[in-house]
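Single-letter residue listing:
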Amino acid sequence: MDTKESKTPEEQKEHIIGERVPEDFEASKPHLQPEAKKRPGGMYKLLPLVIIILGVIVVSIIVLGIINRAN
C-alpha cells in the first residue's frame, strides 16, 4: 500500500519555499518560552574541576614514575 502524499508541482514548490524561509523572529517570541528563562542546572559546573583533578593525578603519576626510575 502506498502511503506517500501525492502533491502537485505547485504544492511541492510551495512546500519547498516554506521550508527555505526562516522562521519569523517576532512570531516565535523566544523570550516568552519557559525553557529560555530557566537557568541551566546540572553537573556542567563541575566539569572544569574534574578536568583539573584528573590532570593533577596524571601529572603526579608521570612525575612519580620518572622519579622511581631514576632511583
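Rules used in this analysis
- Residues numbered from 1 in each chain as written.
- Predicted model: local features only at pLDDT ≥ 70, side-chain atom pairs only at ≥ 80, totals over all residues.
- Heavy atoms only, no water.
- Helix = DSSP H or I, 4+ residues; strand = E, 2+ residues; numbered from the N terminus.
- Buried < 20%, exposed > 50% of the residue type's maximum accessible area, 1.4 Å probe, protein only.
- Areas by Shrake-Rupley, 256 points an atom, 1.4 Å probe, with all protein chains shown as cover.
- pLDDT = per-residue confidence, 0-100.
- Patch = residues over 30% accessible without salt bridge, like charges linked within 9 Å, V, L, I, M, F, W, Y side chains within 5 Å.
- Salt bridge = Lys/Arg side-chain N within 4 Å of Asp/Glu carboxyl O.

Draft legend 1. Representation of the overall build of the chain. Counting its secondary structure elements, the chain contains four helices and zero strands. Beginning at the N terminus, the succession of helices and strands in the chain can be written as α-α-α-α. Sorting the 71 residues of the chain into buried and exposed places 0% on the buried side. Accessible area of the chain: about 7,300 Å², with a carbon and sulfur share of 64%.

Draft legend 2. Representation of the confidence of the model for the chain in the model. On average, residues of the chain score 78 in pLDDT, and 73% of them reach the 70 mark or higher. Mean pLDDT across the elements of the chain bottoms out in helix α2 (residues 25-28) (65) and peaks in helix α4 (residues 47-70) (91).

Draft legend 3. A look at a nonpolar patch on the surface. There is a patch of nonpolar side chains on the surface, built from M43, L46, L49, V50, I53, L54, I57 and I61 and spanning about 770 Å² of accessible area. For V50, a relative accessible area of 40% gives the class partly exposed.

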